[in-house]
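Coordinate analysis (summary)
What follows is the residue order along each chain.
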Amino acid sequence: MGWWVVAMASWVGGVWMQVVQPLVASPALFGSVGLLCVAAVVGALAARPRWPRASWLLLAWFGLGWACTSWRAWDRSASGHPECYEGQAVVAQFQVDSLVQSRQDAVSFEARVLSYDGHAPDDGWPRRLQVRLRGRPDPSIQPGQQWQARLKLSHATGASNPGGFDLALLYWERGIGAVAQVQAQSLRLVQAQPQHVWQGLVDRWRNGIQQRIHTQVTDARWAGILEGLTIGEQGTIDAGDWNIFRKTGVGHLVSISGSHVAMLGYVLAWVILKLWPRLGELAWRIPSPYASQIGGLIGAAGYAVLAGWGVPAQRTVIMMAAITVLRLSGRRWPWPLVWLFAAVVVTAWDPWALLQPGFWLSFVAVGILMSIAQPQQVVELSWFKRLWAAGREMSAVQWRVSIGLAPLTLVFFQQMSWISLPANLLAIPVFTFVITPLALLGIVWSPVWNLAVWVLQIVMGVLAWMSQSNLAVMDAPQLPAALAVLAVMAGAAAVVPMRAQWRWAWLPFALPLAYLPHAWQIWPQPAAGQFTVAAADVGQGSAILIRTQTHTLLFDTGPKVGHTDAGQRVVIPLLRALGIHRLDRLMVSHADMDHVGGAASILSALSVDSFWSSLPTEHPLLQQPAANGVIPVHQPCIAGQSWDWDGVRFAVLHPSPEVYQPGSSGSDNARSCVLRIEALNGQGRVALLTGDIESEQEASLVDSLGASGLRSDVLLVPHHGSKTSSTDEFLDRVQPKAAVVQVGAHNRYGHPAPGVMARYQALGIPVLTTVECGAYFWRSDDPHPADADHRCWRSAHAHYW
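Residues numbered from 1 in each chain as written. Predicted model: local features only at pLDDT ≥ 70, side-chain atom pairs only at ≥ 80, totals over all residues. Heavy atoms only, no water.

Time to look at the state of the cysteines. This model, assessed by the stated rule, comprises two disulfides. Each sulfur in the disulfide pair Cys-637 and Cys-673 lies 2.3 Å from the other. With the S-S dihedral at roughly 95°, the linkage between Cys-637 and Cys-673 falls on the right-handed side. Of this pair, Cys-637 sits in the loop between strand S17 (633-636) and strand S18 (642-645) while Cys-673 sits in the loop between strand S19 (648-654) and strand S20 (674-679); the two residues are 36 residues apart in sequence, bridging distant segments of the chain. Two residues, Cys-773 and Cys-792, share a disulfide whose sulfurs are 2.0 Å apart. Residues Cys-773 and Cys-792 are joined by a disulfide whose S-S torsion is about -105°; by sign, that bridge is left-handed. Within this pair, whereas Cys-773 is found in helix H27 (residues 770-773), its partner Cys-792 is found in the loop between helix H28 (788-791) and helix H29 (793-796), the two being separated by 19 residues in sequence. (Disulfide = S-S within 2.5 Å. Helix = DSSP H or I, 4+ residues; strand = E, 2+ residues; numbered from the N terminus.)

Okay, structure coming up:
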């Protein structure tokens with residue numbers, strides 16, 4: 001049996017080795033490795049000595065996991081080549097192949113392409129699309145339907161930032177080769193009903209449940225949580241509620257977790273066990289225990305499919321299937337073998353699940369539970385004593401799981417909830433035994449959802465009160481991979497049953513956690529007289545982080561689109577990953593939404609000492625308190641202002657005081673704050689942040705400052721590379737060694753303008769865009785700011801998807 005443990009663990013290790021590689025191996029290489037490993041497995045099974053067999057299995061299954069995953073990656077990458085379709089507009093016929101998401105004036109869904117311009121998809125053209133639709137179609141789009149529309153295709157990728165969500169990985173896992181933009185008026189319904197009844201059956205069922213929830217529950221906040229509990233759709237849960245779940249550590253309860261799937265399976269098994277003997281002859285043919293176990297497994301699998309077949313649901317169904325098969329065959333496997341078997345099946349089905357936090361959180365939690373599970377002795381107790389014993393056991397189990405998962409939450413989310421234990425002791429029984437069953441019963445009888453909402457309102461009120469404590473959450477920077485592994489080992493060693501003297505062995509592994517705020521940072525703070533620049537990849541917008549030895553400034557906060565903003569989605573995770581919990585100064589260049597859109601979220605999440613901007617005095621942000629409850633002192637940006645931090649000089653170059661006078665006719669762009677940062681350590685390297693100034697403001701800066709006041713090593717390109725900015729005279733005065741454009745891919749403004757980029761090229765100025773570079777990082781002691789391999793987060797952390 002130990003040999004199979006070695007084999008399964010080796011398989012998972014081989015899969016991991018492949019998914020973290022930056023490139024996919026050639027077919028000749030992974031084919032040869034695969035054949036050699038198959039031969040090695042045969043040789044291992046024929047080997048007589050025990051240890052040689054284990055060694056062969058270790059190497060063979062490791063290589064087999066790597067080779068099989070390489071083949072999967074190569075096959076998927078061969079189905080779409082961005083150079084074939086990037087930016088092209090085509091007429092496509094497609095079938096809706098997922099749940100349809102509707103938000104304000106936008107609709108999105110996944111689609112299976114049937115034809116491009118009347119022809120079946122050729123090699124290199126994507127066969128699955130993420131369709132984003134502007135406007136509301138009439139009739140509404142339903143799963144399984146076939147539509148025709150004119151699409152504009154772009155490569156399925158996403159932002160690349162420290163601590164950020166890897167949208168490109170999500171697209172890759174789902175087999176989505178491109179993102180398609182389409183206008184509602186170009187849509188034409190080709191076939192209202194699927195050709196076969198089973199096509200899109202599950203998605204149509206899920207879509208129907210979603211519509212019924214919103215019909216019965218008119219408050220979108222509670223409807224979103226019910227969607228998460230019934231059909232696994234978490235995208236409609238309110239951002240404020242996610243913040244409460246994050247601070248209290250109960251987020252696993254509002255998504256379809258393993259506990260929900262297992263609960264439904266056990267309830268169905270119990271019902272079948274009680275009712276099966278009444279079925280007469282059928283009960284004689286199939287024993288009740290067999291029928292209950294099979295029925296429970298089928299019910300759990302059906303619920304998992306209804307909920308979108310996520311990793312936690314997959315893991316639970318696979319484990320239940322393994323246990324059911326073993327019980328029906330009369331065998332008992334030790335828990336590590338069942339645990340690893342589930343990991344092998346999940347990674348064989350979806351190798352890239354290994355890169356999801358949910359995979360590790362789910363498997364580690366289940367591993368802890370399985371390791372501490374003990375056979376229960378049947379003892380006659382009063383109902384009160386049974387309830388007391390159950391509560392004490394639940395508290396002990398929750399304590400172990402919380403301790404074991406704490407390092408993982410720090411590694412993946414740079415946060416850990418101190419109040420997770422009491423919050424889960426309250427929320428787990430209420431969500432598991434009250435809210436979730438009511439949510440599922442609502443599928444049969446919709447009015448039950450109103451009762452579920454009533455219970456939700458009470459529980460959320462308590463959780464919101466608990467989350468208000470300043471001690472609720474511990475923040476930590478993103479750990480390097482090796483230290484992350486040590487931290488996870490510390491959590492596991494603290495809770496896995498072992499001898500008392502061995503338990504002290506986990507203390508050395510906890511040292512990285514003890515020095516997190518100071519020693520372990522992926523982008524450390526600079527020395528005195530130096531500064532760092534981090535231009536975040538926020539899409540069509542701007543957000544730049546400046547750090548000196550002891551101070552931090554954020555210049556602009558990214559865009560807001562619909563109900564989401566880059567502050568919550570990109571900037572706050574980036575700050576957490578870098579170990580930043582407060583801002584000495586927040587500076588917003590002007591009032592355009594692509595610069596100020598994330599400011600409200602940032603003020604809500606962090607303490608901010610001062611707030612500089614060119615915003616009008618009546619702007620609501622100027623009255624919003626920061627996370628510490630204090631409204632930051634506001635100072636309008638005015639040319640001539642300057643201050644020194646840690647041997648670094650900050651100087652405001654624009655706007656002039658006149659723009660704040662009543663009746664001033666300047667646009668928001670003309671009011672943009674322009675900030676110059678200079679290291680005073682003798683090297684004198686400079687960064688220039690320009691907001692959205694245009695040619696008129698550039699000319700004013702040239703006239704008032706000349707070459708000496710504008711020369712910079714790094715230039716944040718004005719107005720995202722718009723044709724209204726970056727004049728020849730301005731660039732000649734600045735003479736940057738690198739120009740960085742913060743811009744969104746295929747944005748509707750056409751930024752950066754080709755003529756402007758040609759101007760930079762003619763002057764020999766290297767240009768880096770966040771579309772290709774991801775987040776841009778530069779230290780003022782670096783003489784080569786245009787080195788993309790080291791300055792660009794996307795290049796330094798490349799993945800083949």
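This part takes up the layout of surface pockets. In this structure, the second largest pocket spans a volume of roughly 800 Å³. Together, 29 residues line the second largest pocket, and Arg-246, Lys-247, Ser-604, Ala-605 and Ala-627 are the ones closest to its centre. Of all the elements in the fold, those that place two or more residues in the lining of the second largest pocket are helix H8 (239-248), helix H17 (448-467), strand S9 (473-475), helix H21 (566-577) and helix H23 (599-605). With six residues, H8 is the largest single contributor of residues to the lining of the second largest pocket. Looking at the lining of the second largest pocket, its residues break down into 12 nonpolar, 13 polar and four charged. (1 Å grid on protein atoms, 1.4 Å probe; cavity = no way out; pocket = protein on both sides within 12 Å on 5 of 7 lines; lining within 4 Å. Points joined across faces, edges and corners; volume = space filled by probe spheres on them. Nonpolar A, V, L, I, M, F, W, Y, C, P; charged D, E, K, R; others polar.)

Together, Leu-279, Leu-282, Ile-286, Tyr-290, Ile-294 and Ile-298 make up a nonpolar patch on the protein surface, roughly 520 Å² of accessible area in all. The greatest single-element share of the nonpolar patch, amounting to three residues, is contributed by helix H11 (residues 288-306). Structurally, Ile-294 can be placed in helix H11. (Patch = residues over 30% accessible without salt bridge, like charges linked within 9 Å, V, L, I, M, F, W, Y side chains within 5 Å. Areas by Shrake-Rupley, 256 points an atom, 1.4 Å probe, with all protein chains shown as cover. Salt bridge = Lys/Arg side-chain N within 4 Å of Asp/Glu carboxyl O.)

It is worth spelling out the packing of aromatic side chains at this point. One pass over the structure, following the stated rule, counts 14 aromatic pairs. Aromatic side chains Trp-643 and Trp-645 sit 5.7 Å apart centroid to centroid with 65° between the ring planes, which places their arrangement in the edge-to-face category. Both residues of the pair, Trp-643 and Trp-645, belong to the buried class. Aromatic pair Phe-777 and Trp-793: ring centres 5.9 Å apart, planes at 50°, arrangement tilted. Here the residue Phe-777 occupies a position in strand S25 (residues 776-779), and Trp-793 occupies one in helix H29, the gap between them amounting to 16 residues. The two residues Phe-777 and Trp-793 agree in class, both being buried. Across the ring face of Trp-643, the terminal group of Arg-585 is positioned such that the distance to the ring centre comes to 4.4 Å. (Phe/Tyr/Trp six-rings, centres within 6.5 Å; stacked < 30°, edge-to-face > 60°. Buried < 20%, exposed > 50% of the residue type's maximum accessible area, 1.4 Å probe, protein only. Lys NZ or Arg CZ within 6 Å of the ring centre and 35° of its normal.)

Another point: the sheet that holds strand S11 (residues 544-547). Spatially, seven strands are ordered S17-S16-S15-S12-S11-S10-S25 in an open sheet, and the strand pairing comes out mixed. The sheet terminates laterally at S17 and S25, the two strands that pair on one side only. Each neighbouring strand pair of the sheet contributes to a mean axis angle of 20°, computed without reference to strand direction. Of the pairings in the sheet, the one linking strand S15 (residues 582-588) to strand S16 (residues 607-613) comprises six bridges and is parallel in character. Within the sheet, the bridge partner assigned to Arg-582 lies in S16 and is Ser-607. (Pairing = 2+ DSSP bridges. Axes fitted to C-alpha atoms, helices over the stretch in contact; angles between N-to-C directions.)

Quick look at the sheet that holds S20 now. If you walk across this open sheet you meet the seven strands as S18-S19-S20-S21-S22-S23-S24, and the pairing is mixed. Two strands bound the open sheet, and with one partner strand each, they are S18 and strand S24 (767-769). Across the sheet, the axes of successive neighbouring strands diverge by a mean angle of 20°, strand direction being ignored. Note: strand S23 (residues 738-741) against S24, three bridges, orientation parallel. When the sheet's bridge partners are listed, Val-740 is paired in S24 with Leu-768.

A few words now on the side chain of Arg-791. One can find Arg-791 in helix H28. For Arg-791, a relative accessible area of 12% puts it in the buried group. A polar side-chain atom of Arg-791 sits 2.9 Å from the main-chain carbonyl oxygen of Phe-777. Non-local contacts of Arg-791, meaning those with residues more than four positions away in its chain, are made with Cys-773, Ala-775, Tyr-776, Phe-777, Trp-778, Asp-782, His-784 and Pro-785. (Polar contact = N/O pair within 3.5 Å; in protein donor to acceptor, adjacent residues only side chain to side chain. Contact = heavy atoms within 4.5 Å.)

Below, the discussion takes up helix H13 (residues 335-349). The terminal C-alpha atoms of H13 lie 21 Å apart, and with 15 residues this matches the ideal 21 Å at 1.5 Å per residue to within 8%. Within the span of H13, buried status applies to Leu-337, Val-338, Leu-340, Ala-342, Ala-343, Val-344, Val-346 and Thr-347. (Expected span 1.5 Å × (residues − 1).)

To continue, consider the packing of H8 against H17. For the pair H8 and H17, the least separation of the axes is 9 Å and the interaxial angle reads 65°. By crossing handedness, the relation of H8 to H17 is classed as left-handed. Counted together, Asp-241, Ile-244, Phe-245, Lys-247 and Thr-248 of H8 and Met-460, Leu-463, Ala-464, Met-466 and Ser-467 of H17 form the full contact between these two elements. When its residues are assigned to classes, the contact of H8 with H17 shows six nonpolar, two polar and two charged. (Left-handed = near helix turned anticlockwise from the far one by under 90°.)

Now for unusual backbone geometry. In this chain, His-654 is followed by Pro-655 through a cis amide linkage whose omega measures 15°. For the peptide bond that leads from His-751 to Pro-752, omega is -10°, which places it in the cis range. Summarising the element assignment, Pro-752 is placed in the loop between S23 and helix H26 (754-762). Backbone geometry places His-719, a non-glycine residue, at a positive phi of 55°. One can find His-719 in the loop between strand S22 (714-716) and helix H25 (728-734). According to the relative accessible area criterion, His-719 is buried, its value standing at 12%.

It is worth spelling out the nonpolar core at this point. Ile-225, Leu-226, Phe-431, Ile-435, Leu-456 and Leu-463 are the most contacted members of the largest nonpolar core, which has 48 residues in total. Elements with a minimum of two residues in this core: helix H6 (201-216), helix H7 (220-230), H8, H11, helix H12 (311-329), helix H16 (420-444) and H17. Those residues in contact with Ile-435, other than ones at most four positions away along the chain, are Leu-229, Val-430, Ala-452, Val-455, Leu-456 and Val-459. Val-571, Leu-578, Val-608 and Ala-775 belong to the second-largest nonpolar core, a separate cluster that totals 32 residues. (Core = buried A, V, L, I, M, F, W, Y, C linked by side-chain atoms within 4.5 Å.)

This brings us to the side chain of Ser-292. Looking at the element boundaries, Ser-292 is found in helix H11. The class of Ser-292 is buried, set by a relative accessible area of 6%. Separated by 2.9 Å, the side chain of Ser-292 and the backbone oxygen of Pro-289 make a polar contact. Not counting chain neighbours up to four residues away, the residues in contact with Ser-292 comprise Ala-269, Ile-272 and Leu-273.

Moving on, we get to the pairing of S19. In terms of residue burial, S19 counts as a mostly covered element, since six of its seven residues are buried. Connecting S18 to the antiparallel partner S19 that follows it, the hairpin turn spans two residues, and Asp-646 within it adopts a positive phi of roughly 55°. Here S19 runs beside S20; their pairing, made up of six bridges, is antiparallel. Looking at S20, one finds that His-654 is bridged to Val-674.

What follows covers the confidence of the model for the protein chain. Looking at the protein chain as a whole, its pLDDT mean stands at 83, while 87% of the residues score no less than 70. The least confident element of the protein chain is helix H20 (residues 511-514), whose mean pLDDT is 60; the most confident is strand S12 (residues 552-555), at 97. (pLDDT = per-residue confidence, 0-100.)

Next up on the list: empty space enclosed by the protein. Rolled over the atoms, a probe sized like a water molecule indicates the empty space that remains. Going through the model one piece at a time under the given rule, you end up with two cavities of 30 Å³ or more. Counted as a void, the largest cavity has a volume near 90 Å³. Every residue lining the largest cavity is counted, 13 residues in all, and those nearest its centre are Ser-542, Gly-691, Leu-716, Val-717 and Gln-742. Roughly 40 Å³ of internal volume is contained in the second largest cavity. Ala-534, Ala-536, Ala-543, Ile-544, Leu-545, Leu-554, Val-571, Leu-574 and Leu-575 together form the lining of the second largest cavity. Across the lining of the second largest cavity, the residue classes tally to nine nonpolar, no polar and no charged.

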